[in-house]
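# Descriptive structure summary
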Amino acid sequence: MARGISIKSAEDIGMARRAGGLAAEVLGMVAPYVVPGVSTETLDRICRDHIVNVQGAIPANVGYLGYPKTILTSVNQVVCHGIPSPDRILKKGDIINIDVAVIKDGWFGDTSRMYFVGAPSVLARRLVETTYEAMLAGIRQVKPGATLGDIGHAIQSVAHREHFSVVREYCGHGIGQVYHEELQVLHYGRRGEGLKLEPGMVFTIEPMLNAGKRETKQLPDGWTVVTKDRSLSAQWEHMVAVTPEGYDVLTAWPGGTGAYAPV
């Protein structure tokens, strides 16, 4: 442990990569089902069946702090933590974030990505693509001696360039044999400020950008978070390890992400 932060060995990182790879596989597997007319409940069932019956893994979200489902499905103005429902039917033009976490041999894998349901609006596409670019900008800051502020500043700079806002209430986190470990990765900040990174640290980078103002509110279900001004929101997430040379993405998506630049 360094400053209360868990430092992983090469073997530990290998275990985290295995779990992260399974989580990424789920996001690739479910992609063909993200179409107009499908319910988010159906997507949840498909993901749970794959995790349990194909991967032989454990859905990490089920029962976590009382959460009832396998995945989180955040559509349009939902910032994060959307609960799958048989009543939430996807329609053309929607954007959706699917967030999945699995446990394999005691290690957690956690990742999320955006999907277009049919053709998106110009604004929706720009928001989703900018959020992806912002995540990559944050990841590319990761190296020994860099700071958490470097990551946040890089993300914030991309968002503000496109006149989007950065959600501040939710952040990335340390992860390993514990789902949410000590170490918070803010998606805004100043260069050179905050904790210095060391080899063996493992954490998520998962920026949430809003097309409107950054303020959010939680719905009465105790989970779903939406933009206060009802503007669109987007999020992408990877697990990253700090290496002696820089960074290693532990949740690389099988087959990449189509038109999106590689990490």
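Residues numbered from 1 in each chain as written. Predicted model: local features only at pLDDT ≥ 70, side-chain atom pairs only at ≥ 80, totals over all residues. Heavy atoms only, no water.

### As for the pattern of salt bridges
Inclusion rule: We define a salt bridge as a contact between a side-chain nitrogen of Lys or Arg and a carboxyl oxygen of Asp or Glu at a distance within 4 Å. Numbering of helices and strands starts at the N terminus; helices are DSSP runs of H or I of at least 4 residues and strands are runs of E of at least 2. Throughout this description, buried means an accessible area under 20% of the type-specific maximum (1.4 Å probe, protein chains only), exposed means over 50%, and partly exposed covers the range between.
According to the stated counting rule, one finds ten salt bridges in the structure shown. Glu 181 serves as the salt-bridge partner of Lys 8, at 2.6 Å between the closest nitrogen and oxygen. Placement of Lys 8 in the segment before helix 1 (10–30) and of Glu 181 in strand 8 (residues 181–185) is noted, with a sequence separation of 173 residues between them. Lys 8 sits in the buried class, given a relative accessible area of 7%.

### Concerning the sheet that holds strand 13 (residues 233–235)
Our working definition: Two strands form a pair only when DSSP identifies at least two bridges running between them.
The three strands lie next to each other as 6-10-13, forming an open sheet whose pairing is antiparallel. Because the sheet does not close on itself, it has two edges, and the strands there are strand 6 (165–166) and strand 13. One ladder, built from three bridges, connects strand 10 (residues 208–210) with strand 13; its direction is antiparallel. Paired with Asn 210 across the bridge in strand 13 is Ser 233.

### Focus: helix 3 (residues 122–139)
The following threshold applies: One less than the residue count of a helix, multiplied by 1.5 Å, gives the span that helix is expected to have.
Between the first and last C-alpha of helix 3 there are 26 Å, a value that for 18 residues agrees with the 26 Å anticipated at 1.5 Å per step. Residues Ala 124, Leu 127, Val 128, Thr 130, Thr 131, Tyr 132, Ala 134, Met 135, Leu 136, Ala 137, Gly 138 and Ile 139 constitute the buried set of helix 3.

### Points about helix 4 (residues 148–161)
For clarity, the threshold we go by: Contact criterion: two residues are considered in contact whenever any of their non-hydrogen atoms come within 4.5 Å of each other.
Here helix 4 is 14 residues long and its end C-alpha atoms lie 20 Å apart, about the 20 Å a rise of 1.5 Å per residue gives. Within helix 4, ten of the 14 residues are buried, leaving the element largely enclosed by the surrounding structure. Of the positions making up helix 4, those classed as buried are Leu 148, Gly 149, Asp 150, Ile 151, Gly 152, Ala 154, Ile 155, Gln 156, Val 158 and Ala 159. Close packing links the buried residues of helix 4 with helix 3, strand 6, strand 8, strand 9 (202–205) and strand 10. Remark: His 163 follows helix 4 within two positions and exhibits a positive phi of approximately 65 degrees.

### Digging into the side chain of Asp 44
To keep things clear, this is the line we draw: Positive charges are assigned to Lys and Arg, negative charges to Asp and Glu, while His and the chain termini are left out of the count. Think of a polar contact as two N or O atoms within 3.5 Å of one another; within protein, one of them needs to be a possible hydrogen donor and the other a possible acceptor, and neighboring residues in sequence only count if both atoms come from side chains.
Mapping Asp 44 onto the fold places it in helix 2 (residues 40–54). Look at Asp 44: it is buried, it has no salt bridge, and the nearest opposite charge is Lys 69 at 4.9 Å. A distance of 2.9 Å separates the side chain of Asp 44 from the backbone nitrogen of Thr 70, its partner in a polar contact. Not counting the four nearest positions on each side in its chain, Asp 44 is found in contact with Lys 69, Thr 70, Ile 71 and Pro 84.

### Structural notes on the side chain of Thr 70
Along the polypeptide, Thr 70 turns up in the loop between strand 1 (58–59) and strand 2 (71–75). Look past the residues within four positions of Thr 70 in its chain and what remains in contact with it is Asp 44, Cys 47, Arg 48, Ile 51, Pro 59, Asn 61 and Val 62.

### A look at the packing of helix 1 against helix 2
Applied cut-off: Whenever a helix is involved, its axis is fitted only over the stretch in contact; in every case the axis is a line through C-alpha atoms, and angles between N-to-C directions fall within 0 to 180 degrees. By the definition adopted for this analysis, an angle is roughly parallel if under 35 degrees, roughly antiparallel if over 145, roughly perpendicular if from 65 to 115, and oblique otherwise. Crossings are assigned a handedness: left-handed for a near helix turned anticlockwise from the far helix by less than a right angle, right-handed for a clockwise turn. In this classification, Asp, Glu, Lys and Arg are treated as charged, Ala, Val, Leu, Ile, Met, Phe, Trp, Tyr, Cys and Pro as nonpolar, and every other residue, Gly included, as polar.
The interhelical angle for the contact between helix 1 and helix 2, taken along N-to-C directions, is 135 degrees, at an axis separation of 10 Å. Classed by the angle they form, the pair helix 1 and helix 2 counts as oblique. Here the hand of the crossing between helix 1 and helix 2 comes out right-handed. Residues Glu 25, Val 26, Met 29 and Val 30 of helix 1 lie in contact with helix 2, whose contacting residues are Leu 43, Ile 46, Cys 47, His 50 and Ile 51. Residues belonging to the contact of helix 1 with helix 2 are distributed by class as follows: seven nonpolar, one polar and one charged.

### Quick notes on the pairing of strand 5 (residues 107–116)
For strand 5, the tally of buried residues reaches nine of ten residues, placing the bulk of the element in the interior. Inspection of the sheet shows strand 4 (residues 95–104) paired to strand 5 by ten bridges, in the antiparallel sense. Counted as the bridge partner of Ala 101 is Asp 110 from strand 5. Hairpin remark: strand 4 followed by strand 5, antiparallel, with two residues in the connecting loop; positive phi at Asp 105, about 55 degrees.

### Here we look at the packing of aromatic side chains
Convention followed: The rule is short: rings of Phe, Tyr and Trp, with Trp giving its six-membered ring, pair when the centres are within 6.5 Å, and they are stacked under 30 degrees, edge-to-face over 60, tilted in between. The rule is short: NZ of Lys or CZ of Arg within 6 Å of the ring centre and within 35 degrees of the ring normal puts a charge over the ring.
All told, the structure shown has six aromatic pairs when counted by the stated rule. Each ring, one from Tyr 132 and one from Trp 236, has its centre 4.6 Å from the other, and the planes form 65 degrees; the classification is edge-to-face. Of this pair, Tyr 132 sits in helix 3 while Trp 236 sits in the loop between strand 13 and strand 14 (238–242), placing them 104 residues apart in sequence. Ring plane angle 35 degrees and centroid distance 6.2 Å describe the contact between Tyr 132 and Trp 253, whose orientation is recorded as tilted. Of this pair, Tyr 132 sits in helix 3 while Trp 253 sits in the segment after strand 15 (247–249); the two residues are 121 residues apart in sequence, bridging distant segments of the chain. There is no split in this pair, since Tyr 132 and Trp 253 are both buried. Each residue in the set Tyr 64, Phe 108 and Tyr 179 is aromatic and connected to the rest through ring pairs, giving one cluster. Over the ring of Tyr 115 we find Arg 113, and its NZ or CZ is 4.9 Å from the ring centre. The ring of Tyr 188 carries the charged tip of Arg 168 above its face, separated from the ring centre by 4.0 Å.

On their own, these measurements won't tell you what the molecule is for.
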